[in-house]
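Coordinate inspection notes
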There are 2 protein chains.
Amino acid sequence: MDKRNIRIQKLQNKMKEKNLDYYLIPTSDFHNSEYVGEYFQVREYYSGFTGSNGSLLISEEAAFLWTDGRYFVQADKELAGSGIKLMKMGEKGVPAIADFLAEKTEKLILGFDGRVLSAAYVEKIVKKKKNITIAAEEDYAGNLWEDRPTLSCQKAYELPLEYAGETVSKKLQKVREEMKKQQADFLFISKLDDIMWLYNIRGEDVSCNPVALCFALVTEKEAFLFIQNQAVDEKLSSYLEVEQIQTFPYESVYEYLEKSVSGIGIAPASDTNYRAYRILMNQNRLVDASVNDSPIPLLKAVKNKKEIANIKEYFLLDSVCVCKFMYWLKTTTEKLDELKVAKYLDDLRSTVKDFKGLSFPTISAYGENAAMMHYEACEDSYAGIEKKGFLLVDSGGQYLGATTDVTRTFAMGCLSREEMRFFTLVAMGMLRLQNAVFLEGCTGRNLDILARLPLWEQGIDYKCGTGHGVGCFLNVHEGPHSIRWRYDKDAEETILKPGMTVTDEPGVYFAGHFGIRTENTLLVVDKEENEDGHFLCFESLTFVPIDLDAIDLSVMEKKDIRLLNEYHRNVNEKIAPFLTKEEQMWLADATREI
Amino acid sequence: MDKRNIRIQKLQNKMKEKNLDYYLIPTSDFHNSEYVGEYFQVREYYSGFTGSNGSLLISEEAAFLWTDGRYFVQADKELAGSGIKLMKMGEKGVPAIADFLAEKTEKLILGFDGRVLSAAYVEKIVKKKKNITIAAEEDYAGNLWEDRPTLSCQKAYELPLEYAGETVSKKLQKVREEMKKQQADFLFISKLDDIMWLYNIRGEDVSCNPVALCFALVTEKEAFLFIQNQAVDEKLSSYLEVEQIQTFPYESVYEYLEKSVSGIGIAPASDTNYRAYRILMNQNRLVDASVNDSPIPLLKAVKNKKEIANIKEYFLLDSVCVCKFMYWLKTTTEKLDELKVAKYLDDLRSTVKDFKGLSFPTISAYGENAAMMHYEACEDSYAGIEKKGFLLVDSGGQYLGATTDVTRTFAMGCLSREEMRFFTLVAMGMLRLQNAVFLEGCTGRNLDILARLPLWEQGIDYKCGTGHGVGCFLNVHEGPHSIRWRYDKDAEETILKPGMTVTDEPGVYFAGHFGIRTENTLLVVDKEENEDGHFLCFESLTFVPIDLDAIDLSVMEKKDIRLLNEYHRNVNEKIAPFLTKEEQMWLADATREI
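What you see is a predicted model; the values in this text were computed from it and never measured. (Residues numbered from 1 in each chain as written. Chains lettered and ligands numbered in written order. Predicted model: local features only at pLDDT ≥ 70, side-chain atom pairs only at ≥ 80, totals over all residues. Heavy atoms only, no water.)

**Considerations on the sheet that holds strand β20 (residues 397-399) of chain A**
All names here are of chain A. For the record, the criterion: Any two strands with at least two DSSP-identified bridges between them are counted as paired. For helices the rule is a DSSP run of H or I covering at least 4 residues; for strands it is a run of E covering at least 2, with both sets numbered from the N terminus onward. In what follows, residue pairs with any heavy atoms lying within 4.5 Å of each other are defined as contacts. In this description, a line fitted to the C-alpha atoms serves as the axis of each element, helices being fitted only across the stretch in contact, and the angle between N-to-C directions of two axes falls anywhere from 0 to 180 degrees.
Judged by pairing direction, the sheet is antiparallel, and its three strands sit side by side in the order β16-β20-β21 without closing on themselves. Two strands close off the open sheet at either side, each with one partner strand: β16 (355-358) and β21 (402-403). Where β16 lies against β20, two bridges are found, and the strand directions are antiparallel. Residue pairing across strands places L358 opposite G397, the latter belonging to β20. Set on the sheet, helix α15 (residues 338-350) makes contact with β16 and β20; between it and β16 the angle comes to about 160 degrees.

Here it is in structure tokens:
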């Protein structure tokens, strides 16, 4: 018998004992983080499915795994022999989990660990399925996991003021002003990067995100941090004391909320886990919950002067790496493959001062692999690179002073006319958005079409957003702003402000053929203020050539050519001083005027 | 003593008698119409101010008139000697009426005619000024008006199906389906164009809008029309009977609502007058109110096949008039002035078949007058036209099959380099938007920047929307969609759908110098549907040359030149067959390839 069946059966026995009709095992930690550590791989333990996104639902007699299009093939393979039914998200006739439950007419009891689902997620289920009872007090699935890895507990540390740019007390003051406006007595914070930003600390508990597992609570006079004891050394402990941040054990947060917190508070339902949210709801009146209710994402998104200075410096050093990588890629005679080139780039980055790891696993995707937006080459499966077609490399680093994100698509040899045409349209869209001039008051929805129109004119859409905010030595995907086009009347949009960073990454993805993406990270800056208003524009933080070998001049307007030449002139000026003679000669050619 | 003082004093005596602290006289009819008839010029009677926008607020001992920037000079002049204080809307330190009242700390009783203010407007006042009592039962100001003109009561008439394109019963069915979705027992309709559309009737009670004064009520099984008896002749009466629309006297609507309507209903607070709304609120539970709650604006905005066919035909005939006008303007040797050219164009339009009047008073603005967005030349004040600079003409007609709206700016002789540059940038913006390709799901906010960017790049903004919906033989300004850029989280946006019409009218307005606007009316049409989605684009309904005498080729991209040439080729093809030989020769030159 498959070991997964044994595991699932044990859980089903427990469910029977506890009278649970269904048990849900998502892929999530206690903080709704983008990456989850080994401790939280419960779904993989029961299903054998290793993809980064998947939810396992166990019933009395069956098991279902929901995952998205990226993982259909892999999940099919990995689920073989387990008897688990694959639920292909987004396919016709495949209900979402909430709808799947809502379709059952009988009364149901649904079990899950109340700490690994957000309150907003559970709310959605309960709204759709009226006669459902939630049993979320115990981690039954996790408790039955033999040899479960321990919770990550790396040392957290202070981020010095030369990087943070603003004192904790100043940040707390701003947060409390916003709390006052919302008439809130307390703010409960679950989002790890929000806590890191507020307290000027960093950690290493989540892959690619420099964050420590913790919770925070801010009241009118006090500030609290709930963190694992072992994560706090003496140095951090005395720093927290100086900053008057009271520390309590990580595990004690629920008890603390229950016993010591009352009044009106803010706890965004999409970030806060169900257990914590329920406790707060029971004894407080929470301010109407949405991600924007917490004042921190917006404060964090507008980078301060020191942060901006650092961001510019580290983005330049990061761009130098990518330029050196491009030089090597374009001139080496070695036989290449996806893994080898990713390693070469990662190694280059690791030599940069204050390097603290990758901001996400490097995407190195050749040929048709690049058409999969979240493709990841791995030891078991990767492609060799031939002397033709495109290699797409999307990568970024974590440095004490910045988090970077850049994508370039490289011509590895001869290209089809179609490949060149679409590469050029993507570059045009990227540059047009980068050079936008706009009045303060615009959100990403006003600007998205500048990047997308060259493709829409061809009847092509890249089906994802054009850009996302970027943290400052924090998460590479950071809200609340973004550059997207789709209207959602329930989602509040965020106005772009000077000091925000945002990516600009249009692309073309032809399944089975090729993929192209060109991505710069931009900084919103002032342009001019006159009687017609306050005009803003972008400054590129990224300085890496756009591969001229793939440019088809005939599809560009005069202006597109001018923008490309201007950008390349800047790249050459900024990057050349960091290069060897050979690299400089190559760069001069790679950024030549066309 | 100024006769206005006598009038105001009489009203103040009445206020004293009735214990009113303030009395508000807006410029509005019972339906929040864009134009108001003579009967509703109460504000003018008391203040002497003749502008189209103004609200008079009378206190025990003083009087205040609010109006907007268009009318500051005129109001200053017209109010002289009246003692009425001019409140310049939008100027620093000038509170809006609601804020002006909110600033008073004492308890207040505010009087007004409850039929001439929308419920939404009153709600805003009451929200800001907590201790206020509303006395809206009597039209005290109107009742004191000696020799008040009578309420307009023109004959209403059926719009034949060959123009309406869809039967009343089909429309009622759609409306009732939407009511059902909102679980509404009834829909109360105050917006006159909504009622005209629903019942396939038209009228002549409001200037430029082909509508009759009336109210309507729709329930699950019945349909009602409250209209002046004299407005309904036998023909209309039997039509209404056939369509099973029950008619009641216009004045009886309030009594009817009070006595015969109950249940849950829809009555948008921004369209419904305060008196009617209060009655409905008192005895029903109204569905949460916003303009989008009524299903009619969206249904009306998507034109049906017959309407689209007619719109194309009448827009073409209308364009022919403007082309003939342009020919005359560019070739005549007469001495011209603003009034003369407006009359020439209006006369041309009046010869078109099924002409039913202008869709708004023609704007004919020369030189610096064109910098005033809503300038209207009149017998007392108009400019002569010299052989230099720009003449801006914004005009439109009402025809049985369409309502048109078109603006062209004409070079009347030599131009400065600046004038030519900005004219060209405006034309580029207009053409870029007109040629947009976009996925279904876009609203006007996604597209606005296409028209505006060429000006934003110069640090210039035209400070108004880029486009508005257009009725079909109805109001020239029609919602719910529009093309604007500014984000308002409380306003629901409307997705652009095939069959919607919308204007595209960027401009440049340099106070004291010149004004430029170029406006086509566009139709949203299907482009293609593929795996990436449903792509839409626009088709121009307007075919009038963009004055090549004002084009500065050096600021255009290749593509802009191509778009202009393509558009002009179309103009020549479509319009030439309707012209004389001389006009044809002129048009061929006016639309020549550049």
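**Focus: the interface of chain B and chain A**
This is how it is decided: Put simply, buried area is how much 1.4 Å-probe accessible surface two parts lose in total, over both of them, once they are put together. Any Lys or Arg side-chain nitrogen found within 4 Å of a carboxyl oxygen on Asp or Glu counts as a salt bridge. Contacts described as polar in this section are N or O atom pairs within 3.5 Å, which, within protein, must combine one atom able to donate a hydrogen with one able to accept it, while residues neighboring in sequence count only if both atoms come from side chains. Under the scheme applied, nonpolar residues are Ala, Val, Leu, Ile, Met, Phe, Trp, Tyr, Cys and Pro; charged residues are Asp, Glu, Lys and Arg; polar residues are all the others, including Gly.
With 37 residues of chain B at the contact, the number on the chain A side is 37 residues. For the pair chain B and chain A, the two sides together bury roughly 3400 Å², of which 52% comes from carbon and sulfur. Our count for the chain B to chain A interface comes out at six salt bridges. The closest approach of N and O atoms between R445(B) and E493(A), which form a salt bridge, is 3.0 Å. Scanning the region where chain B abuts chain A turns up 24 residue pairs in polar contact (both at pLDDT 80 or more). Sorting the residues of the side of chain B that touches chain A by element identifies β23 (437-439), α17 (444-456), β29 (520-530) and α18 (558-575) of chain B as the ones contributing at least two each. Tallying contributions element by element places α17(B) first for the side of chain B that touches chain A, with seven residues. Among the residues making up the side of chain B that touches chain A, the classes are represented as 15 nonpolar, seven polar and 15 charged.

**Considerations on the nonpolar core**
Where we set the bar: Residue types Ala, Val, Leu, Ile, Met, Phe, Trp, Tyr and Cys, when buried and joined through side-chain atoms within 4.5 Å, form a set referred to as a nonpolar core. Only protein chains enter the accessibility calculation, which uses a 1.4 Å probe. A residue is then buried if its area is under 20% of the maximum for its type, exposed if over 50%, and partly exposed in between.
Core analysis: the largest hydrophobic core is formed by 196 residues, its most contacted members being F438(A), F538(A), F438(B) and F538(B). Non-local contacts of F438(B), meaning those with residues more than four positions away in its chain, are made with W456(A), L447(B), L496(B), V524(B), H534(B), F535(B), L536(B), C537(B) and F538(B). In terms of nonpolar packing, the next biggest core, distinct from the first, is built from 64 residues, V168(A), V218(A), I266(A) and I296(A) among them.

**Concerning the packing of aromatic side chains**
Residues and elements named next belong to chain A. Put simply, the rule is: Stacked, edge-to-face and tilted are the three classes for Phe, Tyr and Trp ring pairs, Trp counted by its six-membered ring, which pair at centre distances within 6.5 Å; planes under 30 degrees apart are stacked, over 60 edge-to-face, the rest tilted. Counting as a charge over the ring demands two things of the Lys NZ or Arg CZ atom: a distance within 6 Å of the ring centre and an angle within 35 degrees of the ring normal.
This model, assessed by the stated rule, comprises 68 aromatic pairs over all chains. On the basis of an interplanar angle of 50 degrees and a centroid distance of 5.4 Å, the ring pair of F224 and Y256 is categorised as tilted. Linking F224 in strand β11 (residues 223-227) with Y256 in helix α11 (residues 253-260), this pair joins segments that are 32 residues apart in sequence. One aromatic cluster is present, formed by F30, Y39, F40, F188, F215, Y250 and Y254 through successive ring pairs. Over the ring of Y39 we find R148; its NZ or CZ atom is 3.6 Å from the centre of that ring.

**Brief notes about the sheet that holds strand β21 (residues 402-403) of chain B**
Residues and elements named next belong to chain B. If you walk across this open sheet you meet the three strands as β16-β20-β21, and the pairing is antiparallel. With partners counted over all chains shown, the strands left at the sheet margins are β16 (355-358) and β21, one partner each. Against the sheet, helix α15 (residues 338-350) engages β16 and β20 (397-399), with an angle of about 160 degrees to β16.

**Comments concerning the environment of D76(B)**
Relative to the helices and strands, D76(B) resides in helix α3 (residues 72-79). The residues touching D76(B), leaving out its near neighbours within four places in the chain, are L86(B) and K88(B).

**Concerning the relation of the copies chain B and chain A**
Turning one copy of the chain about an axis and sliding it along that axis gives the other copy, so a rotation and a shift relate them. We apply this condition: Superposing the copies works by least squares over the C-alpha atoms of residues that have pLDDT at least 70 in both of them.
When chain B is fitted to chain A, the best match, at an RMSD of 0.0 Å, comes from turning it 180 degrees and sliding it 0.0 Å along the axis. Classification of the inter-copy transformation places it as that of a two-fold axis. Looking at the rotation axis and the C-alpha trace of chain B, the residue lying nearest is N446(B), at 2.6 Å. Most of the interface of chain B is mirrored in chain A: 100% of its interface residues are interface residues there too.

**So, the pattern of salt bridges**
Considering all chains together, one arrives at 74 salt bridges over all chains under this definition. Notably, a salt bridge pairs R275(A) with D113(A), separated by 3.8 Å at the nearest N-O pair. Of this pair, R275(A) sits in helix α12 (residues 274-283) while D113(A) is found in the loop between β5 (108-111) and α5 (119-128), placing the two residues 162 residues apart along the sequence. You can call D113(A) buried: its relative accessible area is 5%. Among the ionic pairs, K191(B) bridges to D193(B), the shortest N-O distance being 3.0 Å. In this structure D193(B) comes out as buried when scored by relative accessible area, which is 2%. One salt-bridge network, held together by shared partners, links D113(A), R115(A), D139(A), R148(A) and R275(A).

**What about the side chain of S540(A)?**
Residue and element names in this part refer to chain A. Within the element layout of this structure, S540 appears in strand β30 (residues 533-540). Within the local environment of S540, its side chain forms a polar contact with the side chain of N520, the two groups lying 3.4 Å apart. A polar contact is formed between the side chain of S540 and the backbone oxygen of T542, at a distance of 2.9 Å.

**Some words on α15(B)**
Residue and element names in this part refer to chain B. Rule in force here: To estimate the expected span of a helix, subtract one from its residue number and multiply by 1.5 Å. The directions from the helix axis to the C-beta atoms form the arc being described.
With 13 residues, α15 ought to run about 18 Å at 1.5 Å a step, and its terminal C-alpha atoms sit 19 Å apart, in line with that. For α15, the set of buried residues is E338, V341, A342, L345, L348 and R349. Down the axis of α15, the buried side of the element spans an arc of 125 degrees, and every buried residue falls inside it.

**Some remarks on the packing of helix α11 (residues 253-260) of chain B against helix α12 (residues 274-283) of chain B**
All names here are of chain B. Here is the rule: Roughly parallel here means an angle under 35 degrees, roughly antiparallel means over 145, roughly perpendicular means 65 to 115, and every remaining angle is called oblique.
Two numbers describe how α11 lies on α12: the axes approach to 9 Å, and their chain directions differ by 5 degrees. Here α12 runs roughly parallel to α11, going by the angle between their axes. Contacts between α11 and α12 involve Y254, L257, E258 and K259 from the former and R275, A276, I279, L280 and Q283 from the latter. Tallied by class, residues from the contact of α11 with α12 come to five nonpolar, one polar and three charged.

**Structural notes on the pairing of strand β4 (residues 85-88) of chain A**
As a general feature of sheets, a regular strand has side chains that alternate between the two faces. Residue and element names in this part refer to chain A. Spelled out, the test is: When the strands point away from the viewer and the path from the first strand over the helix to the second turns clockwise, the crossover is right-handed.
Both strand β3 (residues 63-67) and β4 contribute to a ladder of four bridges, which runs parallel. When the bridges of β4 are listed, L65 appears paired with L86. The β-α-β motif built from β3, the intervening helix α3 (residues 72-79) and the parallel element β4 has right-handed crossover chirality.

**Here we look at unusual backbone geometry**
If a residue is not glycine, its phi is most likely negative; likewise, a peptide bond is most likely trans. The residue after G479(A), namely P480(A), is reached through a cis peptide bond having omega 0 degrees. Although it is not a glycine, D354(A) adopts a positive phi angle of roughly 60 degrees. With respect to the element layout, D354(A) can be found in the loop between α15 and β16. Phi is positive for C208(B), which is not a glycine, with a value near 70 degrees. If you trace the backbone, C208(B) turns up in the loop between β9 (201-202) and β10 (214-219). The buried category is assigned to C208(B), whose relative accessible area is 17%.

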